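Chain by chain, the residues:
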Amino acid sequence: MNLYKAVMALTLFFIVFIEAGTIVTAQSQVFAGILSPVMRLLLPILIALLLGSSLLILFRCLDKMGKKGLWIYTGILFVILLVGFGVILSNFLPFSSTDAYNMQDMAMYLAKTGEKPISDTAPHASYFGMFSNNYFLTVIFAKFINMLSRAGITEVQFALLALSVAGMIIATIFLYLTGIRIGGLKGGAKILTLCVLNPIYYILPMWIYTCSFSIPFTAAVIYFGVRLLKEESWKDRVISAILFAVFGITGYYIRPTVMIPMIAFVFCYILDQLIGKKKIKESIQSFGIVLLIGIVVSHGISGLNQSYFETVSAQNYPITHWLMMASHGDGEHNKEDYAYTHQFRTKEEKTQATVDRMIKNYKSYSFSELMAFEQKKLMVSWCYADGGDLIEKISQDQKNTPLYTWILGSRFDLFREYCYGFRISNMAFLCLALWRLLKRKKEDILQVFWAVSILGGILFYCIWEIKSSYGMPFVMLFLLLGMAGIDESKEKLFQKRDEKYAYKCGWTELVLLVCVICICLVSGEQMRKSKIPVYQWSVHCINGTSAKKMEDVGKTVHINQKFEALHSFNRIGLIVSAGDRAKEFNDILQVQLTDEKGNRIYRGKIQADKVGEHGSVILKFPKVTPTKENKDYHLRIWNKKPHKGKLRVWYRKEFYMHSYKGKLEVDGRNHFENLYLQVYKETKEPWCDKKQMLVIAGIFLLWTAIVLVIIPKKRCNENVERGER
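In this text, all values refer to a predicted model and were calculated from it rather than measured experimentally. Counting from 1, residues in each chain are numbered in the order their sequence is written. In view of the model being predicted, local features appear only for residues whose pLDDT reaches at least 70, and side-chain atom pairs are presented and counted only at 80 or more, with totals across whole chains, interfaces and linings using the full set of residues. To obtain the side-chain values, all non-hydrogen atoms of the structure were used and water was disregarded.

Structural notes on the overall build of the protein
Then comes step 1: Under the scheme used here, helices are H or I runs from DSSP no shorter than 4 residues and strands are E runs no shorter than 2 residues, and both carry numbers assigned from the N terminus. Along the backbone of the protein there are 25 helices and 12 strands.
Then comes step 2: Our radius of gyration looks at C-alpha atoms and nothing else; its globule reference is 2.2 Å times the residue count to the power 0.38. Relative to its length of 725 residues, the protein is compact, with a C-alpha radius of gyration of 28 Å against a globular reference of 27 Å.
Then comes step 3: Its C-alpha atoms put the protein at 95 × 65 × 60 Å along the principal axes.
Then comes step 4: Looking at the protein as a whole, 55% of its 725 residues qualify as buried.
Then comes step 5: Whether two residues are in contact is decided by their heavy atoms: any pair within 4.5 Å suffices. Within the protein, contacts between residues separated by at least 24 positions form 83% of all contacts whose residues are at least 6 apart in sequence.
Then comes step 6: Reported accessibility uses the Shrake-Rupley method at a 1.4 Å probe radius. Residues are deemed covered only where the shown protein chains occlude them. Surface summary for the protein: the accessible area is close to 32,200 Å², and the carbon and sulfur share equals 61%.
Then comes step 7: Positive and negative charge centroids in the protein, built from 87 and 60 side chains respectively, lie 4 Å apart. The classification of residues rests on relative accessible area computed with a 1.4 Å probe and restricted to protein chains. Under 20% of the type maximum is buried, over 50% is exposed, and intermediate values are partly exposed. Just so you know, the count uses Lys and Arg for positive and Asp and Glu for negative, and it drops His and the chain ends. To locate a charge, take NZ of a lysine, CZ of an arginine, CG of an aspartate or CD of a glutamate.

Structure below.
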């Protein structure tokens, strides 16, 4: 079919672009200023080649494995996955910011007050007035927090993180069941292998937001969609249709991108009908059940949302606002666009204004300018294999263990490099799978399902607001189609070779091993010689959009912020804004840091004329080491004489959940917020020492030896022993 070929060709075009863009992004973003440009290009490609080769070998072994071996292998993989998530839970406790924080804090408010519907004066009421997309998950969080309260559990942030991790485990189980459905125990083991090796799987749950919570629902839609495409039994088809609708519509109210694989399923179901594999009666029954259940579930969730937010929902921004925001600039979040939409009173006026501006934006492009604009959006949406802004979103951690430095902190480049290596390898196998789909005379409806779902996600973010973290829920589809590509590749790679190849095999391995040794030695030496700033955090506030300047102060300012520090520190960061008049008259704030006993640690001042555009102020002093008895500190900020202009310190917009333990007093009055504060120790250190360099190089060389020497050599010798000439 021409339509089928066109869809597969278009998907392949985009995946090739994403593959190239991922390599370019890896080269420009990871180990920047540490490795040379050549090493920054070679290292992710080396990891991709090693991963790809390892997967080909593993899949080959799985194909030869018996039922008992597959069960044991699967059990080991689930244990590894659970251990990985256990490490995350024991070493990280991220504190959310922006939208994710607003949701969690509102959920705390709903759970504590029981207010229903919320009043106009409720915390974050203006946020929920503008945005309706987070209503349902906020209500779920509120009910979950209520349940915790009844059980006597007070560690809400940890519980939410555990809930997010549980969602990822459930998503993995659905993917495993999908693998079994399409390839038996071997298929389940293969997709589970990719899940376990996928680094994003372990850090994505730390973003306690709709993006991560939508993943189990997307996985469920995929699984029950596969069942509907393949189910023969009437009873099983009905159950699958009901659950497909329940998970799909529920997931839609958590994050609308769950609808994309649902739409892809409809396309594939119709395609299956056109090529004569489905009976019309079966199709009508299935669609009827999905439609009926979908309407019921949608009505129920919509009613639940309104019972909490009906007082503010009339203020909601229309969908066209995000389409307008995505039509210019870089297609990302834009404060000016929010201000533009906000100036119109009614939803109808907002809709008309945003549609008009969106059309105007697109009309202003020439064809080449439009293509360049969409290219930039594709790069941001899909070419950041580490999630891009995802790492920043989850970096506001409250535990700050040694592992933090290697995953999210100063030395996170190696982890990010593995993320890029995995994505490059995965995309290469996707290209192979799509190429084979194009060449086949008969359609593989399941692979078409994965491909159309991916294409739908790509096209959606061509017209919608983008961030590099927004494409993460589609990782599962990458894995499924990538699995098909690995299966296709291994058949060609492990086909019979003649004795001539067996003779050359050793030389090939030797050359490749020498290349890997050179890459390891050169990059390792560059890492060892490069000095980087290393941060050990005690208080770590991020993202200035979650902060607000302190306006409720007069010309006389007296601020006292108490905070707890568990690690040594020699820096304190604040956000301060200075108006033109304050700069003109050089208004000054005095700053003093003391410990719990009143001993002065630091005394200095903040001058208005030295406050930069972004307002970041860093106080530097000799290292302070807390003890168990003396870990509380007081930061006092005041002015000696009244200010002529506005010199304002910023605070966190927090109500029920707080990013750090502290107490804020302003002019003698207690505030339930805390200052926007960063307390940390900064040192200059090599990216790694000699011992760490040898360990990293040793891992790469051992991995290379296994892939390039031991297993391929054994295969070549086996061919010779069998007399294959």
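A few points about the pairing of strand 12 (residues 677-686)
Then comes step 1: When strand 1 (residues 531-540) meets strand 12, the two strands line up antiparallel, connected through 9 bridges. Bridged to Pro533 within strand 12 is Lys684.
Then comes step 2: By definition, two strands form a pair when at least two bridges between them are found by DSSP. Relative to strand 12, strand 4 (residues 569-578) runs antiparallel, the two being bridged by 4 bridges. Bridge pairing in strand 12 places Ile572 opposite Val679.

So, the pattern of salt bridges
Then comes step 1: Salt-bridge detection follows one rule: a side-chain nitrogen of Lys or Arg within 4 Å of a carboxyl oxygen of Asp or Glu. Within this structure, the stated rule accounts for 13 salt bridges.
Then comes step 2: Between Arg436 and Glu488 there is a salt bridge, with its nearest N and O atoms 3.1 Å apart. Of this pair, Arg436 sits in helix 20 (residues 413-439) while Glu488 sits in helix 22 (residues 475-493); the two residues are 52 residues apart in sequence, bridging distant segments of the chain.
Then comes step 3: A relative accessible area of 31% means that Arg436 is categorised as partly exposed.
Then comes step 4: The buried category is assigned to Glu488, whose relative accessible area is 16%.
Then comes step 5: A salt bridge links Arg571 to Glu682; its shortest N-O distance comes to 3.5 Å. In this pair, Arg571 is assigned in strand 4 and Glu682 in strand 12, connecting sequence segments 111 residues apart.
Then comes step 6: For Glu682, a relative accessible area of 23% corresponds to the partly exposed category.

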